[in-house]
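Residue-level structure breakdown
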Amino acid sequence: MSNDAATAEAAGTTEAAPAPEPIPHGLGASLPPADARAKTEGTFPYAADLWAEGLLWAAVLRSPHAHARIVSIDTSHAREMPGVRAVVTHEDVPGTPLHGRGSRADRPVFASEVVRHHGEPIAAVAADHPDTARMAAAAVIVEYEVLEPVTDPERAFEAEPLHPDGNLVRHIPLRHGDPEAAGEVVVEGLYRIGRQDPAPIGAEAGLAVPRPDGGVELYLASTDPHGDRDTAAACYGLSPEQVKVVVTGVPGATADREDQGFQLPLGLLALKTGCPVKLTATREESFLGHVHRHPTLLRYRHHADAEGRVVKVEAQILLDAGAYADTSSDALAAAVAFACGPYVVPNAFIEGWAVRTNNPPSGHVRGEGAMQVCAAYEAQMDKIAKKLGLDPAEVRLRNVLATGDVLPTGQTVTCPAPVAELLQAVRDFPLPALPKDTPEDEWLLPGGPEGAGEPGAVRRGVGYGIGMVHMLGAEGADEVSTATVKVQDGVATVLCAAVETGQGFTTLARQIVQETLGVDEVHVAPVDTDQPPAGPGCRGRHTWVSGGAVERAAKMVRTQLLQPLAHQFGMSTELLQIADGKITSYDGVLSTTVAEALEGKELWATAQCRPHPTGPLDESGQGDAFVGMSFCAIRAVVDVDIEIGSVRVVELAVAQDVGRVLNPAQLTARIEAGVTQGVGIALTENLRTPRGLIRHPDLTGYALPTALDAPDIRIVKLVEERDVVAPFGAKAVSAVPVVASPAAVASAVRAATGRPVNRLPVRPQAAVVTGN
């Protein structure tokens, strides 16, 4: 006891305790995640932590070649090893291969006759110890006839078919306006975007447990459990009801986490052995197995008038799908549709292709398609500004899109599109101070502490990037989610198969129920496929469709709660409101607590949310393909050592169209994470694959940005203009900063060096200025 407290007690008085901090509540509050403490303390249950009685361990044998014909597979040595319980190959797959989420069913569980990419699964082993499983997998003897790989996507058009479906995944020709239109100024560019790996925090892991009915349960860090269940059931020759996917803790996901190369063998091994089987991928296996961002080649020609207004855009976009189609069709649709960016372009002629190669498979990664074209069209806007001697921000302002304008696909932008407001906000934000040329501030040099750079060689550049992405699925995708809200003993429970991947859905669901029902304690049930489907966790889906379903179910429970009270007082439920845990009427006659009204009651309701339908792009690339769009403007400030080509991102100023802020802390974290991921694309991240072979499948050779690489991120404006067709009016926030920030960084490097900078990530030689 302190002296002051002892004195107060002796005097017969008590010091008033400080009032407790109010707990964040409902929409608009920074409600902390329910699992935050468990994750920080290391007690959160991830898939790699799972255990079962009688557990076996699995290992997968993967191809060391990018392209080869399989002459023979000899598993006899592996089967004879002590402790080995099963070895499976393509001969043990009873069903038809399928890949979920609307993508092409073109990927086998195991390669059978031909290997199409480095790391493709050949066989899998189950054994009583993980080391035994790895040694047994290595003991499988595969005789290959090595073939010349097709690694250049431009060669894929003329090469022999790499797949029964051919090398062309999709071609989209977009035609909009007058092909003869021309401008007074013409600028051209050739751009290349590298292969980014999503590099999840935790490598893939899973557990398969056989069921008495001949089925199997898969415990996975899945982001689309129902899609994974249907894929697995098709491969195992089972009905979907015989396969159950239980979602374990997901250690972050900025892309598809589902590596079919280990999920599907896992269940096969469990079914074959009759025992639980666990597999934890190494980091190398993770790099080899999951999908990556599409490497892209882009050719652009912009026509503009003397005032810098774009008259026509001509472009060719080539996406490298890798060995299998996966989600390349969706990525190409986004790339072609957004090829002109958030600008008014009266005439556009775009050719887009996605082709198969023998490179590692490409798939869904934040902002797929949109990110690649943003880097190119923003470079073109810089070229127009330079050719006309205009300020780059001013040229952009003269062309920006607004609500009511028409995209090159013919779709009218009906959602809020405050692009001019966003750009003006970042343009007018004060610039950071210039570094001083003193030894004490050497850390400000691009080379970092003890860097090799010289202060006199450092040039500062300012650049801009404006990005746009579509929300939800596109081109007729049936976006629907189902949720159930139950209330018993004053505690609410939400059941929804929307997976928490770090985007904050479980926190949002709790806030929605708190806001609607006035109940403080809200739990979100674990996800499995016994629940109705909610779809994959990408493109802001769960904020929109799953959050919308939770809101509708909660409102139905609210009506059940209020109806008896309204009937008792002879009024409609619309005249009653719930706030601060109390139910009151408009005239003050009725006033009671939510807890009293709920006493002894069990209420529940189930609801669905399905946005308005979309349609596919036609043979001219025209159609209303997107439910909604979101926008972001970023101003980058960089310091470049023009002698050695090192780049330091000093600051990124961000203004974003968010619709409505539902959780300020969560929204800020999502934007900052997206911006930082974009910095990696801009400067360091490039998964090199000479002759189709992943050169450094580890986090030593693959340069992720660290805390020391992260720049100052200034969120200077959040435009809350609600989208009337979206639940709560909110928009997706994490993908569009990823799209805009690489373009902004590249633009700033161009401004600092005067070099064209037509490749991402920016290579040091591209930032070197000779003859100074």
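Quick notes on the rules
- Residues numbered from 1 in each chain as written.
- Predicted model: local features only at pLDDT ≥ 70, side-chain atom pairs only at ≥ 80, totals over all residues.
- Heavy atoms only, no water.
- Helix = DSSP H or I, 4+ residues; strand = E, 2+ residues; numbered from the N terminus.
- Buried < 20%, exposed > 50% of the residue type's maximum accessible area, 1.4 Å probe, protein only.
- Contact = heavy atoms within 4.5 Å.
- Areas by Shrake-Rupley, 256 points an atom, 1.4 Å probe, with all protein chains shown as cover.
- Lys, Arg positive; Asp, Glu negative; His and termini not counted.
- Charge placed at Lys NZ, Arg CZ, Asp CG, Glu CD.
- Pairing = 2+ DSSP bridges.
- Axes fitted to C-alpha atoms, helices over the stretch in contact; angles between N-to-C directions.
- 1 Å grid on protein atoms, 1.4 Å probe; cavity = no way out; pocket = protein on both sides within 12 Å on 5 of 7 lines; lining within 4 Å.
- Points joined across faces, edges and corners; volume = space filled by probe spheres on them.
- Core = buried A, V, L, I, M, F, W, Y, C linked by side-chain atoms within 4.5 Å.
- Polar contact = N/O pair within 3.5 Å; in protein donor to acceptor, adjacent residues only side chain to side chain.
- Parallel < 35°, antiparallel > 145°, perpendicular 65-115°, else oblique.
- Left-handed = near helix turned anticlockwise from the far one by under 90°.
- Nonpolar A, V, L, I, M, F, W, Y, C, P; charged D, E, K, R; others polar.
- Salt bridge = Lys/Arg side-chain N within 4 Å of Asp/Glu carboxyl O.
- Expected span 1.5 Å × (residues − 1).
- pLDDT = per-residue confidence, 0-100.

Quick notes on the overall build of the protein chain
On a plain count of helices and strands, the protein chain comes out with 16 helices and 27 strands. For the protein chain, with 772 residues in total, the buried portion stands at 59%. Contacts spanning at least 24 positions in sequence make up 80% of the contacts within the protein chain whose residues lie at least 6 apart. With an accessible surface of roughly 30500 Å², the protein chain has 51% of that area assigned to carbon and sulfur atoms. The protein chain carries 64 positive and 96 negative side-chain charges, and their two centres are separated by 4 Å.

What about the sheet that holds strand S15 (residues 347-356)?
Ordered in space as S7-S15-S14-S13-S8-S27, the 6 strands form an open sheet in which the pairing is mixed. Each end of this open sheet is capped by a strand with a single partner; those strands are strand S7 (168-176) and strand S27 (759-760). In this structure, strand S8 (residues 185-193) lies alongside strand S13 (residues 296-304), joined through 9 bridges in antiparallel fashion. Paired with Val186 across the strands is His303, a residue of S13.

Here we look at the sheet that holds strand S24 (residues 626-641)
The 4 strands are arranged S16-S24-S25-S26 in an open sheet whose pairing can be described as mixed. The open sheet has two edge strands, strand S16 (458-474) and strand S26 (712-719), and neither has a second partner. Taken over all neighbouring pairs, the strand axes of this sheet differ in orientation by 20° on average, direction set aside. Two strands pair when backbone bridges link them, and strand S25 (residues 647-657) and S26 are joined in this way by 7 bridges, in the parallel orientation. Paired with Ala655 across the two strands is Lys717, which belongs to S26.

Here we look at the environment of Ala597
Along the chain, Ala597 falls in helix H14 (residues 594-598). Sequence separation between Ala597 and Asp657 is 60 residues; the distance between their C-alpha atoms is 40 Å. Excluding its chain neighbours within four sequence positions, the residues that come into contact with Ala597 are Leu561, Leu565 and Ile583.

Re unusual backbone geometry
A cis geometry characterises the amide bond from Leu760 onward to Pro761, with omega recorded as 0°. Along the chain, Pro761 falls in the segment after S27. Even without a glycine there, the phi angle at Leu472 is positive, about 65°. Relative to the elements of secondary structure, Leu472 occurs in strand S16.

Observations regarding empty space enclosed by the protein
Tallied over the full model, the rule gives 7 cavities of 30 Å³ or more. The volume enclosed by the largest cavity comes to roughly 660 Å³. Along the wall of the largest cavity there are 39 residues; nearest its centre are Gln503, Gly540, Arg670, Val733 and Ser734. If you list the elements that add at least two residues to the lining of the largest cavity, you get S16, helix H12 (505-517), helix H13 (541-568) and helix H15 (664-683). Its volume calculated, the second largest cavity comes out at about 80 Å³. As for the second largest cavity, its lining consists of 12 residues, of which Arg107, Pro108, His117, Pro121 and Gly261 are closest to the centre.

Let's talk about the nonpolar core
Within the largest apolar cluster, 106 residues are counted, with the highest numbers of intra-cluster contacts made by Tyr300, Ile317, Phe338, Ile350, Phe631 and Val749. The leading source of residues in this core is helix H16 (residues 735-753), at 12 residues. Among all residues touching Val749, those that are not within four sequence positions of it are Val638, Val640, Val647, Gly754, Val757, Val762 and Ala767. Judged by nonpolar contacts, the second largest core, of 48 residues, contains Val513, Leu576, Val594 and Leu603.

Concerning the side chain of Thr592
Checked against the element boundaries, Thr592 lands in strand S22 (residues 591-593). A distance of 2.6 Å separates polar atoms of two side chains, one belonging to Thr592 and the other to Glu596. Other than its neighbours up to four places away in sequence, Thr592 contacts Leu565, Lys582 and Ile583.

Quick look at the packing of H12 against H13
Packed helix pairs are specified by the crossing angle of their axes together with the interaxial distance, meaning the distance between the axes. Taken N-terminus to C-terminus, the directions of H12 and H13 make an angle of 30°; their axes are 9 Å apart at the nearest point. With respect to H13, the element H12 is oriented roughly parallel. Regarding H12 and H13, the two cross each other, and that crossing is right-handed. Residues Phe505, Leu508, Ala509, Ile512, Val513, Thr516 and Leu517 of H12 form the contact with H13, whose participating residues are His542, Thr543, Ser546, Gly547, Val550, Glu551, Ala554, Lys555, Val557 and Arg558. Within the contact of H12 with H13, the residues separate by chemical class into 9 nonpolar, 5 polar and 3 charged.

A few points about the pattern of salt bridges
Summed over all chains, the structure comprises 35 salt bridges. The partner of Glu479 in a salt bridge is Arg541, and the shortest N-O contact between them spans 2.3 Å. With Glu479 in the loop between S16 and strand S17 (481-488) and Arg541 in helix H13, this residue pair connects regions lying 62 residues apart in the sequence. Glu479 gets classed as buried once you look at its relative accessible area, which sits at 8%. Here Lys731 ties to Asp657 by a salt bridge, and the two come within 2.7 Å at their closest N and O atoms. Note that Lys731 is positioned in the loop between S26 and H16 and Asp657 in strand S25, a separation of 74 residues in sequence. For the residue pair Lys731 and Asp657, the accessibility class agrees, reading buried in each case.

With respect to the side chain of Arg750
Topologically, Arg750 is positioned in helix H16. At a separation of 3.4 Å, a polar atom in the side chain of Arg750 contacts the main-chain carbonyl oxygen of Pro756. Engagement of the side chain of Arg750 in a polar contact is seen with the backbone oxygen of Val757, the distance being 2.9 Å. In this structure Arg750 touches Glu378, Ala379, Asp382, Ala743, Arg755, Pro756 and Val757, once residues within four positions along its chain are discounted.

A word on the pairing of strand S2 (residues 68-74)
Looking at chain direction, S2 and strand S4 (residues 114-115) are connected through 2 bridges and run antiparallel. In the sheet register, Ala68 faces S4, and the bridge partner there is Val115. In this sheet, strand S6 (residues 141-146) lies alongside S2 in antiparallel orientation, the contact comprising 6 bridges. Bridging from a neighbouring strand, Arg69 pairs with Glu145 of S6.

Observations concerning H16
Taking 1.5 Å of rise per residue, the 19 residues of H16 would be expected to cover 27 Å, and the 29 Å separating its terminal C-alpha atoms lies within 8% of that figure. In the segment just after H16, Gly754 is the residue with positive phi, at about 75°.

Quick word on the layout of surface pockets
When its volume is computed, the second largest pocket comes out at roughly 950 Å³. A per-element tally of the lining of the second largest pocket places H15 first, with 7 residues.

Re the confidence of the model for the protein chain
Note that predicted coordinates carrying low pLDDT should not be read in detail. The predicted model of the protein chain has a mean per-residue pLDDT of 90, with 92% of residues at 70 or higher. Here residues 1-14 scores under 50 on pLDDT; set against residues more than four positions off or in separate chains, the count is 3 contacts. Contacts for the low-pLDDT stretch residues 99-104, under 50 throughout, to residues beyond four places or in other chains number 19 contacts.

Observations regarding the pairing of strand S9 (residues 205-210)
Looking at chain direction, S9 and strand S12 (residues 277-280) are connected through 4 bridges and run antiparallel. Note on S12: the bridge partner recorded for Ala208 is Val277. Judged from the 5 bridges that link them, S9 and strand S10 (residues 216-220) form a sheet pairing that is antiparallel. The residue bridging Gly206 from the neighbouring strand is Leu220, located in S10. The hairpin turn running from S9 into S10, its antiparallel successor, is 5 residues long, and Gly214 in that turn takes a positive phi close to 90°.

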